[in-house]
Structure formats: structure tokens, C-alpha cells
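Coordinate inspection notes
Now for the letters of each chain:
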Amino acid sequence: MPSVRDLMARHRASPATVQQAIQRVTAEGLVEVRPGRGSYVAARTTATSRDLSWQAVALGEGRPGEDLVANLVAVPKPEAIPLTSGYLDPELQPTDALGAALSRAARRPASWGRVPVEGKEELRAWFAKEAGGELRTGDITVCAGAQEALATVFRGLGERGDAVLVESPTYLGAIAAARDAGLKVVPVPADQDGVRPDLLQAAFERTGAKVFYCQPLHANPHGAVLSDERRAEVMRIVRRVGAFLVEDDWARGFTIDGTAPPTLVSQDTDGHVVYVRSLTKVAAPGLRVAAIGARGPAGTRLKNTRSRQDLYVAGPLQEAAIDFVTSPVWRRHLRTLQQSLRARRDALTHAIREHLPEFELAKSSGGLHLWATLPDGVDDLELTTAAAARDVVVFPGRPWFAAEPPGSFLRLTYGGAPEHVLAEGVRRLAGAVVAVRR
């Protein structure tokens, strides 16, 4: 078979997509992987071949980037070192506490009954209190994870063909959700202090957009925290143009240096900020519980949009979430988690400075990731492929940009593996850099 690089070029696919495709056809017995020699088409069997080519005509044109979110959350091979991950290392997940909470919830008959579309009142009250400010229990709608919450927000606040502004770079799941809602995604450059207000104002004026998606705290992937000065200016701009600011507060609980600033929604008096918060990242992948906070007609519209998608989140899961976040174990988990993440971030930073001193790291005071600018001559896609050949999983930078990236980057995660594994991953990544430069 052709090499991974040739398949990427031929099909315009990411390295993760190609690797997944090879793994799948290998599992189906269609391909043989011979270590050190490459991949080969397996000998034909006597089974009747099924012709599925008609589906290409029936499905029509593909959707650009639709595979990116799946690649991002794909489970790596057991032998691979994950230097990128959207979730916590299992060692950091409070699985015992979550299991006990779910067991208690499952034994309560009321958990299995009908649930209000907007979610259980006690859970909504907790999210409202965490957001602070003007949000009340009635402003909260519970969703099955942040990705569904973002899909609801973009479908509810926009019409197909509308422009939506996003930071650049930004969370690729938000880009995918906005495009899936038929919106035109317009990037606004950000730096170490967050989105640039001057360019945000210009983008609003040029596009007429009424929605701006923002991650003010430890933005994924680059880690920036919106500065106090810019927070005030961004809010002034949003109020001036009469737009919504979607605050994705995904990293609340992940601050490891200093104190996290308050939410933007807590400083919003006129309903411009739509708040999104998830428990999945900070707890465990299986806790698919998130919330949208919005006031006035926007809150009503988003609740109705949510109900058309999936009615409501399962009662036992909501009950377990209530049990978990209202118990003392929740605060203990956050304290332990922050200590562990600090140690892992420092270990990953040290390893990169030792083995990859040409990598330029953006400042990270929390979150889960380091954002690395690659040296001249090192392509992020080529490096991702070379790393995969050494059983190191990294994620290239270009999918995080809604338009052309200004350079080559990698998102490297310190929350997905222990310190010694991170160090070994960086050593292997250094070997991959040497290989792509040959």
C-alpha cells in the first residue's frame, strides 16, 4: 500500500484519519501490517465482496473537517504515548466517587422517571451558582456534554449563512459545530492576552455577525487568559454592536497558577453572555453533563432548540452529577487535580526545553495543554505522522485555525499521562523531528 504520507496527500486527510483507516481495514482482515516493511493488501478470501460504492453517490459532497473531532477524541493504541488528549489521565479521574454516586442514583426510583427538558432543578441551581452574577436556576438548560451544548447554541442563535466570530486559534469542536449549523466561521486573531479587541471590533463591522465564541480562561489550544483590560473592552464591543458572546468556560477548575478570574457572565447585566460549562473535562469522559446559561428570549430559544435534539439528559446521570458536585469529594478532587496538573505541566515543559529547545512554548497558567510553535522547516502534519510511527500521539496545529494558520504548531497535553511517560514521549518526538528534517 502507499505510505501514510502519500495517502494523506492523495485524500487530503489528516494523519490521524489515515492511521484510523488503516487500523480499521486491518481489523477487518483486508490489510496486513508487516513491521518494518509496510502495509499490504491481504490475500482475497472466498467470501462474496460487497459493493458499497453506491453510497458515494447517495451521500454527495462531504463536509470539510467533519472527521476532526472524532480524531481528537480517538482512543490511542495501548502501546502509544498520548502527548495529546481531550480528557484526563484515568489516574486523575475520580472514578470511585463517581461510581458510588451513580450507584446511589440508580437505586432511587425517581431517577428513572421523566426529567424536565431543562434538567433537574438542583443541578441547574449548582451551575447557576458556579457561573455567578445574574444567572438564576431558570436560566440554565442541562445538556449531554459540551459538544451538544455548543451545537445547541450555534443552531439556536444563528441562521444558516450567518457569520460567527471565533478566536484564532480556537477549539476545533466549536469550529465543527458552527459549520455543522450552517454558519460561516470568521477567525479573529488572539495572542497571550486573549482575543485582540481592535480586530474583534473590525470583524463585527465587516461581517455583521451577532455571535462571538470565546474561551476567556485557559483557551484551548493556546492557553491564553483574557486580560482584565481586554475583558472590559470585549464586553463594551459586544454591548455596542448588540451581539451575543458565547463564553465557553471549559477550564474552570484547571487553574494551577494564581487565581482564576470570575466568569464574564458574572459581569454581564444585559444578557449578552451565553454561558457554557461542562463537568466532563474536569471529572471523567463518561460524565456527559454540561449546561447552557442564557437569560430572556435567548434562554427560551436555546431550551427549545435543546429539546428538539435529544429531549433531556438521562435522570440517573443528572442525579449522580448532583451527588458528586455537592459533596466534599468535589473540592478535594479539584485540589488534588490542580497539584497533579502543575507537576505534569512542569515535567512536560522541562522535557521540551531539554530535548526540543527550538520549540517555542506559549505561557500556560492552567488548562490541560501546551501550545508549541515549531521551528522553521518543520511541518506539523509531517511531524504528526513521524511521531505516530514512533508510537507518540500528537495533534497538528492547523485544524485549530478557521482559516490559514500563520505557522506550524502542535498542541501537547500534560493532563493525559504521568510525568515519566510524558518525558519518554518528548524523547521520541525529538527523534521524529530529526526524521522530518532529513
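Calculation notes
- Residues numbered from 1 in each chain as written.
- Predicted model: local features only at pLDDT ≥ 70, side-chain atom pairs only at ≥ 80, totals over all residues.
- Heavy atoms only, no water.
- Phe/Tyr/Trp six-rings, centres within 6.5 Å; stacked < 30°, edge-to-face > 60°.
- Helix = DSSP H or I, 4+ residues; strand = E, 2+ residues; numbered from the N terminus.
- Buried < 20%, exposed > 50% of the residue type's maximum accessible area, 1.4 Å probe, protein only.
- Pairing = 2+ DSSP bridges.
- Right-handed = clockwise from strand over helix to strand, strands pointing away.
- Expected span 1.5 Å × (residues − 1).
- Arc of directions from axis to C-beta.
- Contact = heavy atoms within 4.5 Å.
- Domains from an automatic or database assignment.
- Buried area = accessible area lost by both parts, 1.4 Å probe.
- Salt bridge = Lys/Arg side-chain N within 4 Å of Asp/Glu carboxyl O.
- Polar contact = N/O pair within 3.5 Å; in protein donor to acceptor, adjacent residues only side chain to side chain.
- Nonpolar A, V, L, I, M, F, W, Y, C, P; charged D, E, K, R; others polar.
- Lys, Arg positive; Asp, Glu negative; His and termini not counted.
- 1 Å grid on protein atoms, 1.4 Å probe; cavity = no way out; pocket = protein on both sides within 12 Å on 5 of 7 lines; lining within 4 Å.
- Points joined across faces, edges and corners; volume = space filled by probe spheres on them.

Some thoughts on the packing of aromatic side chains
- On inspection of all chains with the given rule, the structure shows 9 aromatic pairs.
- Ring centres of tryptophan 371 and phenylalanine 401 lie 6.2 Å apart, and the angle between their planes is 45°; this geometry places the pair in the tilted category. With tryptophan 371 in strand β13 (residues 369–373) and phenylalanine 401 in the loop between β15 (395–396) and β16 (409–413), this pair connects stretches of sequence that are 30 residues apart. Per residue, the accessibility class of tryptophan 371 equals that of phenylalanine 401, and both read buried.
- Ring centres of tryptophan 371 and phenylalanine 409 lie 5.1 Å apart, and the angle between their planes is 10°; this geometry places the pair in the stacked category. Of the two residues, tryptophan 371 sits in strand β13 while phenylalanine 409 sits in strand β16, which places them 38 residues apart along the sequence.

Things to note about the pairing of strand β9 (residues 244–248)
- Along β9, 4 of the 5 residues are buried, which leaves the element largely enclosed by surrounding structure.
- With 4 bridges connecting them, strand β8 (residues 211–214) and β9 associate as parallel partners. Along β9, the bridge assignment pairs tyrosine 213 with valine 246.
- Handedness of the β8-helix α10 (residues 228–241)-β9 crossover: right-handed.
- Where β9 lies against strand β10 (residues 273–278), 4 bridges are found, and the strand directions are parallel. Looking at β10, one finds that leucine 245 is bridged to valine 273.

Concerning helix α2 (residues 15–27)
- The end-to-end C-alpha separation of α2 is 18 Å, in line with the 18 Å expected for 13 residues at 1.5 Å each.
- Taken together, the buried positions of α2 are Pro15, Val18 and Ile22. All buried residues of α2 fall inside an arc of 65° around its axis, so they share one side. Relative to its buried face, α2 has exposed residues pointing more than 90 degrees away, namely Arg24 and Ala27.
- The inward-facing, buried residues of α2 abut α1 (4–11), β1 (31–34), β2 (38–41) and α14 (380–389).
- Trailing α2 by a residue or two, glycine 29 shows a phi angle of about 80°, which is positive.

Let's talk about the domain arrangement of the protein
- As far as domains go, the protein holds domain 1 (4–41), domain 2 (66–92 + 331–437) and domain 3 (95–329).
- For domain 2 and domain 3, the distance between their C-alpha centroids amounts to 25 Å.
- Contacts between the two partners involve 32 residues from domain 2 and, on the opposite side, 35 residues from domain 3.
- Of the roughly 2,900 Å² buried at the junction of domain 2 and domain 3 (both faces included), carbon and sulfur atoms supply 60%.
- Broken down residue by residue, the surface that domain 2 buries against domain 3 is led by Tyr87, Trp400 and Ala402, which jointly contribute 22%.
- Notably, a salt bridge pairs arginine 331 with glutamate 130, separated by 3.1 Å at the nearest N-O pair.
- For the pair domain 2 and domain 3, the interface holds 16 residue pairs in polar contact (both at pLDDT 80 or more).
- Contributions of two or more residues to the side of domain 2 that touches domain 3 are made by α4 (68–72), α13 (328–355) and β13.
- Broken down by element, the residue count for the side of domain 2 that touches domain 3 peaks at 9 residues, all from α13.
- Its residues assigned to classes, the side of domain 2 that touches domain 3 shows 18 nonpolar, 8 polar and 6 charged.

Concerning the sheet that holds β16
- Here 4 strands make up an open sheet; going across it, the order is β12-β13-β16-β15 and the pairing antiparallel. For this open sheet the edge positions go to β12 (360–361) and β15, each flanked by a neighbour on one side alone.

Quick word on the side chain of arginine 411
- Within the secondary structure, arginine 411 is located in strand β16.
- For arginine 411, which is buried and forms no salt bridge, the nearest opposite charge comes from aspartate 248, at a distance of 11 Å.

What to know about the pattern of salt bridges
- Enumeration according to the criterion identifies 22 salt bridges in this entry.
- Between aspartate 89 and arginine 344 there is a salt bridge, and its shortest N-O distance comes to 3.0 Å. A residue pair is termed long-range when its members are at least 10 positions apart, and aspartate 89 in the loop between β3 (81–82) and α5 (95–106) and arginine 344 in helix α13 qualify at 255 residues.
- A salt bridge links aspartate 180 to arginine 155; the shortest N-O distance between them is 2.9 Å. Residue aspartate 180 is located in helix α8 (residues 172–180), and its partner arginine 155 is located in helix α7 (residues 146–157); the two are separated by 25 residues in the primary sequence.
- A cluster of three or more residues bridged by salt bridges with shared partners is formed by Asp257, Arg342, Arg345 and Asp346.

Looking at unusual backbone geometry
- With an omega of 5°, the peptide bond between serine 168 and proline 169 qualifies as cis.
- Tracing the sequence through the fold places proline 169 in the loop between β5 (163–168) and α8.
- Between asparagine 220 and the following residue, proline 221, the backbone shows a cis peptide bond with an omega angle of 20°.
- Considering the arrangement of structural elements, one finds proline 221 in the loop between β8 and α10.
- Positioned with a positive phi, histidine 218 is a non-glycine residue whose angle comes to about 50°.
- Structurally, the position occupied by histidine 218 is in the loop between β8 and α10.

With respect to the side chain of serine 39
- Mapped onto the fold, serine 39 is located in strand β2.
- Residue serine 39 is classed as buried on the basis of its relative accessible area, which comes to 16%.
- Apart from residues no more than four positions distant in its own chain, serine 39 is found in contact with Met1, Ile22, Val31, Glu32 and Val33.

Considerations on empty space enclosed by the protein
- All told, the structure shown has 2 cavities of 30 Å³ or more when counted by the stated rule.
- Surrounding the largest cavity, 11 residues form its lining, Gly86, Asn220, Lys281, His369 and Arg411 being those nearest its centre.
- Of the residues in the lining of the largest cavity, the class split is 5 nonpolar, 4 polar and 2 charged.
- Viewed by domain, the lining of the largest cavity spans two of them, domain 2 (66–92 + 331–437) and domain 3 (95–329), each represented by three or more residues.

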